[in-house]
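Examination of the molecular architecture
What follows is the residue order along each chain.
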Amino acid sequence: YRDLHTFELQAPTRLIEWARGNRVCVAGYGQSDGNEILQLIPPPTLLTKETQGLCPERDFKVECGGFSERPVYSLKYVPDTSLLVTSGPPDSSLQVWQVSAEDSDVIKSVSTIATENGTGQSGAKIATISARAPWVLHGSRLDRVQITEVESRKNVYTASSQGCEELSSLAFLDCNLLLLCCATGRLCLADTRQPQSLVEAVPAPSAPGSEHWCMGTRHAAQGSEPSSQPVARLSSRGLLALTDLRKTSDFLALAKARVSSPGSGAEFLCISWAPALEGYLAISGFDGTVHVYDTQSWDSSGREAEPIFVHKGHIFGGAGGSRDPPLVTVHTWHLQKPRTLLSAASDGSLHVWDWVQPCGKC
């Protein structure tokens, strides 16, 4: 490691979200009342663009917080606002939260966005954007996807679909284009300018057995088409697929992740592109590790890929003395530091780490 910071939360979290001012938001997913939602100030070394060497203060600090009466399975910061949107069982409604001003340390609930036929054990998947207005894209199934204006709670778009497949991920490619990933791995594109259109982009790679899929998208560079960035998908059996949305007839690359227990579950599957490092992605959710891969040498053979780094800190430095090994529940990349990631585990541990680049790499 180049650097490693740890912080112990009071309860396990399945969410890490960057907020304004380089703050970090986390939330608990326990089944009892009183799940915490916290906004944390990262260690000072993470607030600078360049590595500053040794720093006397290495801990996260709780800046403000609140409590949710329901488990929080999805959390998103609304860009250019002080609002958070969360979802979780027992239904698909959304909860809107106000992050307090400087003179208060409370995150308070301000409204609820109700949904039609909003049942669902895992709640709605959500994505946010503020290109035109503060919008939230949300849905639990393919036939229940809509965009709601966060502050007015007005519905501004409803996708058209005859299918009712469970959704695992969704994203704004820009203010007009939406990408939806079904649990079966099927990708669907939607355009807010054409409410009746919902186009299947590409099916999942054929593989034996029942698999659950999730996806990771990367923001396009300024001036380029949003669909020019490859979409990465990860299955519960460890299959990785890269797709170019401009040419969906072929896969850019197929690979097999080296995971310890493929097919063991799908609750915490997570795949994400590095925002400041070309061609790199990370995966987690199979065990207590996070794997980082360089995809630039991948082809369509589907052979096993060698990770360039494996973070095992949650296994060896877990909190609470639990007998069962912790499971990484989520990870995310630092927005500016190319090789810095945050990861959280089922034992309440929160890690920030920066790996040493192998010799000969950029």
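Residues numbered from 1 in each chain as written. Predicted model: local features only at pLDDT ≥ 70, side-chain atom pairs only at ≥ 80, totals over all residues. Heavy atoms only, no water.

1. Brief notes about the overall build of the chain
- Along the backbone of the chain there are one helix and 28 strands.
- In the chain, which comprises 362 residues, the proportion classed as buried is 55%.
- Within the chain, residue pairs in contact and separated by at least 24 positions form 53% of the contacts whose partners lie at least 6 positions apart.
- Of the roughly 16,300 Å² of accessible surface on the chain, a fraction of 48% belongs to carbon and sulfur atoms. (Helix = DSSP H or I, 4+ residues; strand = E, 2+ residues; numbered from the N terminus. Buried < 20%, exposed > 50% of the residue type's maximum accessible area, 1.4 Å probe, protein only. Contact = heavy atoms within 4.5 Å. Areas by Shrake-Rupley, 256 points an atom, 1.4 Å probe, with all protein chains shown as cover.)

2. Topic: the packing of aromatic side chains
- One pass over the full model with this rule turns up seven aromatic pairs.
- Between F7 and F60 the ring centres are 5.8 Å apart and the planes differ by 55 degrees, which places this aromatic pair in the tilted class. Note that F7 is positioned in strand β1 (residues 3-8) and F60 in the loop between β4 (35-41) and β5 (61-68), a separation of 53 residues in sequence.
- Using a relative accessible area of 3% as the deciding quantity, one classes F60 as buried. (Phe/Tyr/Trp six-rings, centres within 6.5 Å; stacked < 30°, edge-to-face > 60°.)

3. Looking at the environment of C188
- Mapped onto the secondary structure, C188 falls in strand β16 (residues 187-191).
- When sequence neighbours within four positions are dropped, the list of residues in contact with C188 reads L142, L178, L179, L180, L198, V199, E200 and A201.

4. Looking at empty space enclosed by the protein
- Tallying each qualifying case throughout the model produces three cavities of 30 Å³ or more.
- Breaking the lining of the largest cavity down by element, the ones donating at least two residues are β3 (23-28) and β4.
- Among the elements that take part in the lining of the largest cavity, β3 stands out by supplying three residues, more than any other.
- Considering only residue class, the lining of the largest cavity consists of five nonpolar, three polar and one charged. (1 Å grid on protein atoms, 1.4 Å probe; cavity = no way out; pocket = protein on both sides within 12 Å on 5 of 7 lines; lining within 4 Å. Points joined across faces, edges and corners; volume = space filled by probe spheres on them. Nonpolar A, V, L, I, M, F, W, Y, C, P; charged D, E, K, R; others polar.)

5. So, the nonpolar core
- The biggest cluster of nonpolar side chains holds 18 residues, and the ones touching the most others in it are L234, I271, L281, I283 and W298.
- Formed by 17 residues, the second largest nonpolar core is a distinct cluster that contains I129, L167, L170 and C182. (Core = buried A, V, L, I, M, F, W, Y, C linked by side-chain atoms within 4.5 Å.)

6. Notes on the pairing of strand β28 (residues 349-354)
- For β28, the tally of buried residues reaches six of six residues, placing the bulk of the element in the interior.
- Relative to β28, strand β27 (residues 340-345) is paired through five bridges, and the arrangement is antiparallel. Counterpart to A344 in the pairing with β28 is L350.
- In this antiparallel pair of consecutive strands, β27 and β28, the connection spans three residues, and G348 shows a positive phi of 90 degrees. (Pairing = 2+ DSSP bridges.)

7. Regarding the environment of K76
- Following the sequence through the fold, K76 ends up in strand β6 (residues 74-77).
- With a relative accessible area of 29%, K76 lands in the partly exposed category.
- Taking the C-alpha atoms as reference, K76 lies 9.3 Å from S87; in sequence the two are eleven residues apart.

8. Quick word on the sheet that holds strand β13 (residues 155-158)
- Spatially, β10-β11-β12-β13 is the arrangement adopted by the four strands of the open sheet, whose pairing is antiparallel. Two strands bound the open sheet, and with one partner strand each, they are β10 (125-129) and β13. For this sheet the average axis-to-axis angle between neighbouring strands, irrespective of direction, equals 20 degrees.
- Sheet analysis places strand β11 (residues 135-139) next to strand β12 (residues 146-149), joined by four bridges and oriented antiparallel. Residue H138 lies in a different strand from β12, and its bridge partner there is Q146. (Axes fitted to C-alpha atoms, helices over the stretch in contact; angles between N-to-C directions.)

9. With respect to the pattern of salt bridges
- Taken as a whole and judged by the stated rule, the model has 13 salt bridges.
- In this structure, R258 and E304 form a salt bridge, with 3.0 Å as the shortest nitrogen-oxygen distance. Taken together, the residues span a long stretch of sequence, with R258 in the loop between β21 (253-256) and β22 (270-273) and E304 in the loop between β24 (290-294) and β25 (309-311) at a distance of 46 residues. (Salt bridge = Lys/Arg side-chain N within 4 Å of Asp/Glu carboxyl O.)

10. What to know about the sheet that holds strand β8 (residues 94-99)
- Read from one edge of the open sheet, four strands run β6-β7-β8-β9, paired in antiparallel fashion. If you trace the sheet from one side to the other, it starts and ends with β6 and β9 (107-113), each paired once. The sheet shows a mean angle of 25 degrees between the axes of neighbouring strands, taken without regard to direction.

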